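The chain contents come next:
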Amino acid sequence: MNLKNNNYFIKGNHVYLRPFELSDINKKYLSWINNPLLNAGIEARFPISKIEAIKFYKDSKKTKDIIIFAICDNKTNNHLGNCMISNLDWINKRCRYGRLIGENKKRGLGIGTEVTKLIQNYVFNKLNFNTLYCAVNVNNKASIKSNIKSGMKIEGKSKEAMYFNGKYLDSVNFGITKKEFLKLK
């Protein structure tokens, strides 16, 4: 089944990124954001209500410091997760990146790597930024592997930077410059 979708913003081989929309804030989305197994690797680990999610969405539309995308399946158009670039520094041309693959059946299939490459292309070739960076919970092996596969470099660790399940965990800091990205092509 190959559905046509003209709402994509960035298209990859298996997924496309489109603007995150108010209608994406539904029970499925809230179950991803509030799932402690999924949100262990992201910074938003407080329970989030629909009202709070809507407020965050509306606030994000009023600033040039954050861009949120829905990750969707090319074949089915199903919403699989989200990614965003944030802390957009328009002077130093750098920004932070994060992603969440919410659909269980779609994890471990390379989607995170594909999404990261799509975001890298957007950040470096469309926004003309110079640096993309992120931090990952040291126990989030899938994200670490995906970041490395997409060409990001480990730039160091931050000691006990993330609190999860009653423990402080180190974070692994990743980064890639436009020059490094262009060498990957």
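**Q** Can you walk me through the pattern of salt bridges in this structure?
**A** Between side chains of opposite charge, a pair can form when the charged atoms approach closely. With the rule as written, the count across this model stands at seven salt bridges. Here the salt bridges do not stand alone but share partners, grouping Arg18, Glu21 and Asp24 into one network.

**Q** I would appreciate a short explanation of the sheet that holds strand β2 (residues 15-19) in the present structure.
**A** Note: strands within a sheet are paired through backbone hydrogen bonds, in either parallel or antiparallel orientation. The mixed open sheet is built from eight strands, whose spatial order is β1-β2-β3-β4-β5-β6-β8-β7. In this open sheet, the two edge strands, each paired with only one partner strand, are β1 (10-11) and β7 (153-164). Relative to strand β5 (residues 94-101), strand β4 (residues 79-89) runs antiparallel, the two sharing seven bridges. Residue Met84 lies in a different strand from β5, and its bridge partner there is Gly98. Here helix α3 (residues 111-126) sits on the sheet and contacts β1, β2, β3 (66-73), β4, β5, β6 (131-137) and β8 (167-177); the angle it forms with β5, its principal contact strand, is near 155°.

**Q** How should the nonpolar core be read in this particular structure?
**A** General note: in soluble globular proteins, nonpolar side chains tend to be found buried as a group. Grouped together as the largest cluster of nonpolar side chains are 33 residues, with contacts concentrated most on Leu17, Ile71, Ile85, Val115, Ile119 and Leu132. Going through the elements one at a time, β2, β3, β4, β5, α3, β6 and β8 are the ones with two or more residues in this core. Apart from residues no more than four positions distant in its own chain, Leu132 is found in contact with Ile85, Cys95, Arg96, Tyr97, Ile119, Gln120, Val123, Phe124, Met152, Phe174, Gly175 and Ile176. Judged by nonpolar contacts, the second largest core, of 15 residues, contains Phe20, Leu30, Leu38 and Ala53.

**Q** Where do I start with the environment of Ser171 in this structure?
**A** Tracing the backbone shows Ser171 in strand β8. Along the sequence, Ser171 and Leu184 sit 13 residues apart, while their C-alpha atoms lie 25 Å from each other. When neighbours within four sequence positions are excluded, Ser171 is seen to be in contact with Ala135, Val136, Val138, Gly156, Lys157, Ser158, Ala161 and Met162.

Scoring rules and cut-offs
For every chain, the first residue of the written sequence is number 1, and numbering continues from 1 along that sequence. Note on the predicted model: pLDDT of at least 70 is required for a residue's local features to be given, and 80 or more for side-chain atom pairs to be given and counted; whole-chain, interface and lining totals, by contrast, use all residues. Each side-chain value is worked out from all heavy atoms of the structure, with water and hydrogens disregarded. Counted as salt bridges are all cases of a side-chain nitrogen of Lys or Arg within 4 Å of a carboxyl oxygen of Asp or Glu. When DSSP finds two or more bridges between a pair of strands, those strands are recorded as paired. Each helix corresponds to a stretch of at least 4 residues labelled H or I by DSSP, and each strand to a stretch of at least 2 residues labelled E; elements are numbered beginning at the N terminus. Residues count as neighbours in contact if any of their non-hydrogen atoms are within 4.5 Å of one another. Lines fitted to C-alpha atoms define the axes, with helix axes restricted to the stretch in contact, and inter-axis angles between N-to-C directions lie between 0 and 180 degrees. Nine residue types can take part in a nonpolar core, namely buried Ala, Val, Leu, Ile, Met, Phe, Trp, Tyr and Cys, and a core is a set of them joined through side-chain atoms within 4.5 Å. The rule is simple: take the accessible area with a 1.4 Å probe, protein chains only, and divide by the maximum for that residue type; under 20% is buried, over 50% is exposed, in between is partly exposed.

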